[in-house]
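Take a look at the letters that make up each chain.
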Amino acid sequence: MTDDSKSHIRNAFDPERFRETGHVLIDQMADYLTEALQGGPMPVLPWIEPDAMAAAWPADFSPEGGEVLNTLMARIIREANHLHHPRYIGHQVPGPLPVAALCDMVASFLNNGMAVYEMGMSGTAMERSVIRWMARSLGFGEPADGVLTSGGSVGNLTGLLAARQAQAERFPDALPAVLVSDQAHYSVLRAARIMGLGREGVETVPSDAGFHMRADLLGECLKRAEARGRKVIAVVASACSTAAGAYDPLERVAEFCEQNGLWLHVDAAHGGAACLSERYRPLLKGIERADSVVWDAHKMLLMPALVSSVIFRNGLHSYIAFEDKASYLFERAGQEEWFNLGHRTIECTKWMSCLKVYAALRCFGTRLFGEYIEYSYDLARRFAEMLRAEPDFELATEPESNIVCFRYLPEGVTHPDALQAAIRKRLISDGSFYIVQTQLRTGLHLRTTIINPYTEEGHLRGLLEAVRAAGNALR
Ligand SMILES: Cc1ncc(COP(=O)(O)O)c(C=O)c1O
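Residues numbered from 1 in each chain as written. Predicted model: local features only at pLDDT ≥ 70, side-chain atom pairs only at ≥ 80, totals over all residues. Heavy atoms only, no water.

(A) Fine view of the side chain of threonine 124. As for its placement among the helices and strands, threonine 124 is situated in helix α6 (residues 121–138). Exposure remark for threonine 124: the relative accessible area of 0% places this residue in the buried category. Once you skip the residues sitting within four places of it in the chain, threonine 124 turns out to touch Met114, Tyr117, Trp338, Phe339 and Leu341. (Helix = DSSP H or I, 4+ residues; strand = E, 2+ residues; numbered from the N terminus. Buried < 20%, exposed > 50% of the residue type's maximum accessible area, 1.4 Å probe, protein only. Contact = heavy atoms within 4.5 Å.)

Printed below as a string of structure tokens:
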């Protein structure tokens, strides 16, 4: 290496440069946070067409670099979707707790992966405690255990792989199938495809008018799959569903699974956190009978992506999805070395995602999360009342979580779906609100998730007015 190359590398690692840039960066983020939380004129989403955005971030990297990081970061912050803005009422992605973002910075900086204990010792211990806290909060007993994964989609795949493995011991030659509600998140169907179950391997369970799984039809669905020569191994329930936020009747589904020897996987990626509120915990009644549960901390625990958990009622099941030998990593079988988390996850390099959850619990306690759930779930109910009082709006269904779907339907509308899509497009391109849309069986709906604790009733009233104004201008 030449002296010039050495000095270039040293410059890139220079602690004083890091200190200066970092101090300015924290100021930049704190200034953004102050402005965003106030909900002022800053656009929620400063919409830029994809091709224009691609042109604005070219690949014309020079050998010498020279860009000032803080200038780059100012631009990133300005051009972002501003999730901390109270008029961000869109996807199930929170403006995270600032302390969690700091933790992610430290996790990135230390880069202690956690598939093997010696690469992330304190992280491994923290993850164990986070999983234990989550498992106990859901109502599981002492034997429960699990792992943090990079996202609910990976979590659903992990749970279903474990289900197949557990059932394979009983039915080694069977062609497996799973029973899945028509409201399940697409990652469940994707997991089934990845597992090679094929179309025949997924039996769709219809949902009722409120978008809950029809538990009374499970027997019929089981017979249908069996008639096709399939052995049903598991039922996947949602708590809650993505589109309309409906909680499936877990007790009835659990009863069916127990009677028929089926694995129950509950996708509680969004709604698992309801267990932290005394008032909303009944929505999850029966979840403690599930064999596996997915719960995303990067949804209703105010964490930045990605941090999800897969929890198994019988902790030994947390090892069965990925039983591999890798002599350069592991010395013994999974159960014998709980501390090598790579035994339980598809990931080899494993992100220290537990740090932010552990630190937030330590710094703010568990109460913060229960209060946050109650605030957002309560506000969704008040928003529904607001919508019901307006004759030109239609509520899709009574909200059970913090997801509210509705349509603007003034008299004489001939193409209601096209109108909803055009309204949303207008709101997001003028930057006033960020909301999303979803196709329900009754048509295309505007969809909101009240996920920002700074969103108040006034913002929601403002949303109704903005939707009405856009709708009337577009007709
Ligand atoms: C119910 C449900 N399950 C799974 C997922 C997928 O989770 P992730 O985006 O963390 O992969 C989502 C995401 O919205 C969801 O709502």
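Additional details are given in the paragraphs that follow.
(B) Region of interest: the pattern of salt bridges. Applying the stated rule across the entire model yields 26 salt bridges. A salt bridge links arginine 407 to aspartate 417; the shortest N-O distance between them is 3.3 Å. Of this pair, arginine 407 sits in strand β9 (residues 403–408) while aspartate 417 sits in helix α14 (residues 416–430), and the two are 10 residues apart along the sequence. For aspartate 417, a relative accessible area of 31% gives the class partly exposed. (Salt bridge = Lys/Arg side-chain N within 4 Å of Asp/Glu carboxyl O.)

(C) Highlighting the packing of helix α5 (residues 98–110) against helix α12 (residues 354–364). For the pair α5 and α12, the least separation of the axes is 9 Å and the interaxial angle reads 140 degrees. In terms of orientation, α5 and α12 fall into the oblique class. For the pair α5 and α12, the sense of crossing is right-handed. Counting all contacts with α5, which are made through Val99, Ala100, Cys103, Asp104, Val106 and Ala107, the residues of α12 involved are Leu355, Lys356, Ala359, Cys363 and Phe364. (Axes fitted to C-alpha atoms, helices over the stretch in contact; angles between N-to-C directions. Parallel < 35°, antiparallel > 145°, perpendicular 65-115°, else oblique. Left-handed = near helix turned anticlockwise from the far one by under 90°.)

(D) Fine view of the site of the ligand. In the region of the ligand, 14 residues are neighbours, and Gly152, Ser153, Thr242, Asp267 and His298 sit closest. At a separation of 2.7 Å, a nitrogen atom of the ligand approaches a polar side-chain atom of aspartate 267. Note that an oxygen atom of the ligand is positioned 3.2 Å from one of the side-chain N or O atoms of lysine 299. A total of 390 Å² of accessible area belongs to the ligand in isolation, and the protein chains cover 85% of it. Within the residue set of the shell around the ligand, elements represented by two or more residues are α7 (152–168) and α11 (297–300). Of the residues that constitute the shell around the ligand, the class distribution is two nonpolar, nine polar and three charged. (Near = heavy atom within 4 Å. Polar contact = N/O pair within 3.5 Å; in protein donor to acceptor, adjacent residues only side chain to side chain. Areas by Shrake-Rupley, 256 points an atom, 1.4 Å probe, with all protein chains shown as cover. Nonpolar A, V, L, I, M, F, W, Y, C, P; charged D, E, K, R; others polar.)

(E) Looking closely at the pairing of strand β10 (residues 436–440). Residue alternation in β10 divides its side chains into a buried set, Val436, Thr438 and Leu440, and an unburied set, Gln437 and Gln439. Here β10 pairs with strand β11 (residues 443–449) via five bridges, running antiparallel. Directly across from valine 436, in β11, lies its bridge partner arginine 447. The turn joining β10 and β11, which pair antiparallel and follow one another in sequence, is formed by two residues. (Pairing = 2+ DSSP bridges.)

(F) Inspection of the nonpolar core at higher detail. Ranked by internal contacts, the top residues of the largest apolar core, which has 83 residues, are Leu179, Leu218, Val235, Val253, Val266, Leu301 and Met303. Considering each element in turn, this core owes the most residues, seven residues, to α6. By size, the runner-up hydrophobic cluster in this structure holds 27 residues, among which are Ala184, Ile233, Val294 and Phe312. (Core = buried A, V, L, I, M, F, W, Y, C linked by side-chain atoms within 4.5 Å.)

(G) Spotlight on the environment of leucine 409. Locating leucine 409 in the fold gives a position in the loop between β9 and α14. With 42 residues separating them in the primary sequence, leucine 409 and isoleucine 451 have C-alpha atoms 25 Å apart. Ignoring anything within four residues of it in the chain, the contact list for leucine 409 reads Asp392, Glu394, Pro416 and Gln420.

(H) Broad picture of the pairing of strand β3 (residues 202–205). For strand β2 (residues 176–181) and β3, the ladder comprises four bridges, and the chain directions are parallel. In the sheet register, valine 180 faces β3, and the bridge partner there is threonine 204. Following the chain from β2 across helix α8 (residues 186–194) to the adjacent parallel β3, one finds a crossover that is right-handed. (Right-handed = clockwise from strand over helix to strand, strands pointing away.)

(I) Spotlight on the sheet that holds β10. With respect to topology, four strands assemble into an open sheet ordered β8-β9-β11-β10, the strand pairing being antiparallel. Looking at strand neighbours, the two that pair on one side only are β8 (393–395) and β10, the edges of this open sheet. Neighbour-to-neighbour, the strand axes of the sheet open up by a mean angle of 40 degrees, direction not taken into account. Sheet topology note: the β9/β11 ladder contains four bridges and is antiparallel. Looking at the pairing, valine 404 lines up with threonine 448 of β11. Sitting on the sheet, helix α13 (residues 367–388) is in contact with β8, β9 and β11, with an inclination near 15 degrees to β9. Helix-sheet contacts for α14 involve β9, β10 and β11, and the interaxial angle to β11 is about 30 degrees.

(J) Structural view of α7. Taking 1.5 Å of rise per residue, the 17 residues of α7 would be expected to cover 24 Å, and the 24 Å separating its terminal C-alpha atoms lies within 8% of that figure. Of all 17 residues making up α7, 12 are buried, and the element is well covered by its neighbours. Burial in α7 covers these residues: Gly152, Gly155, Asn156, Leu157, Thr158, Gly159, Leu160, Leu161, Ala162, Ala163, Ala166 and Gln167. (Expected span 1.5 Å × (residues − 1).)

(K) A look at the packing of aromatic side chains. For the structure on display, the rule yields 10 aromatic pairs. When the centroid spacing of 5.2 Å and the interplanar angle of 10 degrees are considered together, the rings of phenylalanine 18 and phenylalanine 109 count as stacked. Note that phenylalanine 18 is positioned in helix α2 (residues 15–38) and phenylalanine 109 in helix α5, a separation of 91 residues in sequence. Using a relative accessible area of 58% as the deciding quantity, one classes phenylalanine 109 as exposed. Among the aromatic side chains, those forming a connected cluster through ring pairs are Phe383, Phe393, Phe406 and Tyr408. Over the ring of phenylalanine 433 we find arginine 87; its NZ or CZ atom is 5.7 Å from the centre of that ring. Across the ring face of tryptophan 338, the terminal group of arginine 128 is positioned such that the distance to the ring centre comes to 4.0 Å. (Phe/Tyr/Trp six-rings, centres within 6.5 Å; stacked < 30°, edge-to-face > 60°. Lys NZ or Arg CZ within 6 Å of the ring centre and 35° of its normal.)

Just geometry here; none of it tells us what the structure is for.
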